[in-house]
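So you can see what is in the structure, the chains are spelled out below.
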Amino acid sequence: MQTVAVIDYGMGNLHSVAKALEHVGAGRVLVSSDANVIREADRVVFPGVGAIRDCMAEIRRLGFDSLVREVSQDRPFLGICVGMQALLEHSEENDGVDCIGLFPGQVRFFGKNLMEDGEHLKVPHMGWNEVEQSVAHPLWHNIPDRARFYFVHSYYIEAGNPQQVVGRGHYGKDFAAALADGSRFAVQFHPEKSHTHGLQLLQNFAVWDGRW
């Protein structure tokens, strides 16, 4: 049986992610902060919620910045929400935080005066929103284009390489909702909270060979 490691660095709804992976039959799901357990896993999930400064402080304290670079190279790897943002180069949050830098690009604040058609939009962007599949990818298998997923975020990703953007969202402005590069896939939304389509994405991840 394959193993799926959910990286535990003290930030994130880890058990909801783990239960969703178990629900789709992903294999033996291990929530772990043990680098050796994570290294030995067949697949790795990197979740996260909260302030990026706190997340990056814990990631660096535990040496998980290097670990994430290592394990995401040679096996299926999924970043979720702040776990996705941490993979970028830099975030504007908390007066600026350097991140892991696996994907080129910046994490930007939606702003206090976000507008759409003359209407003020609330920040954080919270709730269901469409994701346009800008590129065919194995993790979109059996998920219709413009399917709705569940988001909770005040900061959005401005990708440095448009070719890595495989899903796009819109909330007052366009943003990268999903990024992919080799065996790495990352989403701004929460698949574990996104019902049928989110579970399908996790099921796709469970059988994905990491090639694209």
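Residues numbered from 1 in each chain as written. Predicted model: local features only at pLDDT ≥ 70, side-chain atom pairs only at ≥ 80, totals over all residues. Heavy atoms only, no water.

In the annotation of an unreviewed UniProt entry, the protein chain is listed under the name Imidazole glycerol phosphate synthase subunit HisH and assigned to Metapseudomonas lalkuanensis. Looking at the protein chain in UniProt, the text filed under Subunit (unreviewed entry) is "Heterodimer of HisH and HisF." On record in UniProt, under Subcellular location (unreviewed entry), the comment for the protein chain is "Cytoplasm". (UniProt positions renumbered as here; feature names shortened; annotations may be inferred.)

Visitor: Explanation requested: the UniProt feature "active site" (unreviewed entry) in the protein chain in the structure shown.
Guide: The UniProt record marks Cys81, His190 and Glu192 with the feature "active site" (unreviewed entry), using the residue numbering of this structure. In sequence the annotated residues extend across 112 residues, while in space they remain close, none of their C-alpha pairs exceeding 11.0 Å. Within the annotated group, the residues that form the lining of the largest pocket are Cys81 and His190. In this fold, Cys81 is placed in the loop between strand E4 (77-80) and helix H5 (82-85). In this structure Cys81 comes out as buried when scored by relative accessible area, which is 3%. When near neighbours in sequence (up to four residues on either side) are disregarded, Cys81 contacts Gly48, Val152, Val187, Gln188, Phe189 and His190. When you line up the elements, His190 lands in the loop between strand E15 (184-187) and helix H6 (195-207). (1 Å grid on protein atoms, 1.4 Å probe; cavity = no way out; pocket = protein on both sides within 12 Å on 5 of 7 lines; lining within 4 Å. Helix = DSSP H or I, 4+ residues; strand = E, 2+ residues; numbered from the N terminus. Buried < 20%, exposed > 50% of the residue type's maximum accessible area, 1.4 Å probe, protein only. Contact = heavy atoms within 4.5 Å.)

Visitor: How should I be thinking about the side chain of Arg75 in this particular structure?
Guide: Tracing the backbone through its elements, the reader meets Arg75 in the loop between helix H4 (64-71) and E4. Only 3.0 Å separates the side chain of Arg75 from the backbone oxygen of Ala41, close enough to count as a polar contact. A polar contact is formed between the side chain of Arg75 and the side chain of Asp74, at a distance of 2.9 Å. The contacts of Arg75, once residues within four sequence positions are left out, are Ile38, Arg39, Glu40, Ala41, Asp42, Arg43, Val44 and Ser183. (Polar contact = N/O pair within 3.5 Å; in protein donor to acceptor, adjacent residues only side chain to side chain.)

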